[in-house]
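So the chains spell out like this:
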Amino acid sequence: MKPVENQRLIEDRHSRKNIRRHVMKDIDSSSKVFKKCCAAVGEYLTGNYYASKQKRVNDLRAQRDSNMDINNIVTELFISVLPIEEISPIQAVAAQLGGRLGFDNILDAVKTASEIIAVCESSGLYTLYHSTDTDNDTGTLGIRPNFALNDETVHFIKETMYLPPMVCKPNKWHTNSDGGYLEGSGSVILGAINHHNLKQDLDSINIIQDIPWELNDVILELEEKPNKHLDTQEKVDQFEVFKYESESVYASIIATGNTFYFVWKYCKRGRMHCQGYHINLQGTEYKKAVMQFKNKELLTRRTPGTGTGAL
């Protein structure tokens, strides 16, 4: 199989962006719950509010009139809520839903999403928990769906993870939001609120993305250990999961020819960061030692009187 085809399979299997596609299969737009949510959102959009809230609602109405109608808003609400298995902080759901509402200002997006979550609670799609509720240990307002996804979708979500390095060359960055992974990498600038369309040095990013890497088979024989003492059983368990996932990523890269590439981005201070969780140049000592350049060069030195000799 060609590297590009392999990469498409990896992104389809592991990318959390594809959760939307799978969850949408479980959404019944003819159900009573869905219709109740639509009615609640419709009432919310036609209400009269104080000036700043009215402006946000008017902006959302404009989105509705173009490509974000009430059905789409409710569908995005379902997609944001249904993958949750335990009580989750409401901020995570509000941020995800807000990101799909079309606002330019992230604070306006989160405020509006929070209001939609509030007005739709009566539909029965989910339950909201006060921070003092005995079942809620999040320390903040919590949310949990009252419906479960099918087993196939749940399995897919559990199999998703932070995308590993690419087994083919990343797409070149042509704009601040077009490049990297085959299915897109979002912004070339890290941090959801840091994106802008001002000029970035995309040429340098594209040069460094073209560098091929490989895993060091000698280091792979060594057991990966935590870089600090794990003082609780929970931390030990989390590290074991991380190590197991890392080993799966290593095996996948070896199986596809042991050649991989990093997608790179800038932080808001202009520093370059390679994208990766299980394999990363800026990780622990083990993570740094387990990889090496694919293309090697023989280093030489000039010996006085004898010309050039190999090191």
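Everything discussed here concerns the structure shown above.
Residues numbered from 1 in each chain as written. Predicted model: local features only at pLDDT ≥ 70, side-chain atom pairs only at ≥ 80, totals over all residues. Heavy atoms only, no water.

**Some details on the pattern of salt bridges**
Summed over all chains, the structure comprises 10 salt bridges. Close ionic contact of Glu 115 with Arg 56 constitutes a salt bridge, the shortest N to O distance being 2.7 Å. Residue Glu 115 is located in helix H7 (residues 106-119), and its partner Arg 56 is located in helix H4 (residues 51-66); the two are separated by 59 residues in the primary sequence. For the residue pair Glu 115 and Arg 56, the accessibility class agrees, reading buried in each case. For Lys 294, the salt bridge identified is with Glu 214, shortest N-O distance 3.3 Å. Taken together, the residues span a long stretch of sequence, with Lys 294 in the loop between strand S9 (291-293) and strand S10 (300-303) and Glu 214 in strand S6 (residues 213-215) at a distance of 80 residues. Judged by relative accessible area, Lys 294 falls into the partly exposed class, the value being 26%. One continuous salt-bridge network, built from bridges that share partners, spans Glu 214, Lys 294 and Lys 296. (Salt bridge = Lys/Arg side-chain N within 4 Å of Asp/Glu carboxyl O. Helix = DSSP H or I, 4+ residues; strand = E, 2+ residues; numbered from the N terminus. Buried < 20%, exposed > 50% of the residue type's maximum accessible area, 1.4 Å probe, protein only.)

**With respect to the packing of helix H3 (residues 32-45) against H7**
At their nearest, the axes of H3 and H7 sit 9 Å apart, and the two run at 130 degrees to each other. The angle between H3 and H7 falls in the class oblique. Considering how the two elements wind past one another, H3 and H7 form a crossing that is right-handed. Contacts between H3 and H7 involve Ala 40, Val 41 and Tyr 44 on the former and, on the latter, Thr 112, Glu 115, Ile 116 and Val 119. Split by residue class, the contact of H3 with H7 holds five nonpolar, one polar and one charged. (Axes fitted to C-alpha atoms, helices over the stretch in contact; angles between N-to-C directions. Parallel < 35°, antiparallel > 145°, perpendicular 65-115°, else oblique. Left-handed = near helix turned anticlockwise from the far one by under 90°. Contact = heavy atoms within 4.5 Å. Nonpolar A, V, L, I, M, F, W, Y, C, P; charged D, E, K, R; others polar.)

**Quick notes on the layout of surface pockets**
In this structure, the second largest pocket spans a volume of roughly 400 Å³. Of the residues forming the lining of the second largest pocket, the biggest block, six residues, is contributed by helix H11 (residues 233-255). Of the residues contributing to the lining of the second largest pocket, the split by class is six nonpolar, eight polar and six charged. (1 Å grid on protein atoms, 1.4 Å probe; cavity = no way out; pocket = protein on both sides within 12 Å on 5 of 7 lines; lining within 4 Å. Points joined across faces, edges and corners; volume = space filled by probe spheres on them.)

**Section: helix H5 (residues 70-81)**
For the α-helix, the turn length of 3.6 residues means that residues three or four positions removed from each other point alike. With 12 residues, H5 extends 17 Å between its outermost C-alpha atoms, agreeing within 8% with the 16 Å of an ideal straight helix rising 1.5 Å per residue. Across the 12 residues of H5, nine count as buried, placing the element largely inside the fold. Where H5 begins, one side-chain oxygen reaches toward the backbone nitrogen of Asn 71, 3.3 Å away; that side chain belongs to Asp 69. (Expected span 1.5 Å × (residues − 1). Polar contact = N/O pair within 3.5 Å; in protein donor to acceptor, adjacent residues only side chain to side chain.)

**Some thoughts on the packing of aromatic side chains**
Under the counting rule described, the total for this entry stands at eight aromatic pairs. A ring pair is formed by Phe 34 and Phe 78, whose centres lie 5.3 Å apart and whose planes are at 55 degrees; its orientation type is tilted. Here Phe 34, found in helix H3, pairs with Phe 78, found in helix H5; they are 44 residues apart in sequence, far enough to count as distant. With a centroid separation of 5.6 Å and 85 degrees between ring planes, the pair formed by Phe 260 and Phe 262 is classed as edge-to-face. The exposure classification of Phe 260 matches that of Phe 262, with both residues buried. These aromatic residues form a ring-pair network of at least three members: Trp 213, Phe 260, Phe 262, Trp 264 and Phe 293. (Phe/Tyr/Trp six-rings, centres within 6.5 Å; stacked < 30°, edge-to-face > 60°.)

**Notes on the sheet that holds strand S1 (residues 88-89)**
Pairing in this open sheet of three strands is antiparallel, and the strands run S1-S3-S2 from one edge to the other. Edge strands, defined here as strands with exactly one partner in the open sheet, are S1 and strand S2 (126-129). The pairing of S1 with strand S3 (residues 142-145) spans two bridges and is antiparallel. Residue Ser 88 lies in a different strand from S3, and its bridge partner there is Ile 143. (Pairing = 2+ DSSP bridges.)

**Some remarks on the side chain of Gln 7**
Mapping Gln 7 onto the fold places it in helix H1 (residues 3-14). Filtering out sequence-adjacent residues up to four positions away, Gln 7 remains in contact with Pro 165, Met 166, Val 167, Cys 168, Tyr 181 and Leu 182.

**Digging into the nonpolar core**
One finds Leu 77, Phe 78, Ile 116 and Ile 117 to be the most contacted residues of the largest nonpolar core, which totals 38 residues. If you list the elements that add at least two residues to this core, you get helix H2 (19-24), H3, H4, H5, helix H6 (90-98), H7 and helix H8 (151-159). The element contributing the most residues to this core is H3, with eight residues. When sequence neighbours within four positions are dropped, the list of residues in contact with Leu 77 reads Cys 37, Leu 97, Ile 117, Cys 120, Leu 125 and Tyr 126. One finds Trp 213, Tyr 250, Phe 262 and Cys 274 within the second-largest nonpolar core, a separate group that totals 27 residues. (Core = buried A, V, L, I, M, F, W, Y, C linked by side-chain atoms within 4.5 Å.)

**A few points about the pairing of S3**
Looking at chain direction, S2 and S3 are connected through four bridges and run antiparallel. Each residue of the ladder has a partner; that of Tyr 129, found in S3, is Gly 142.

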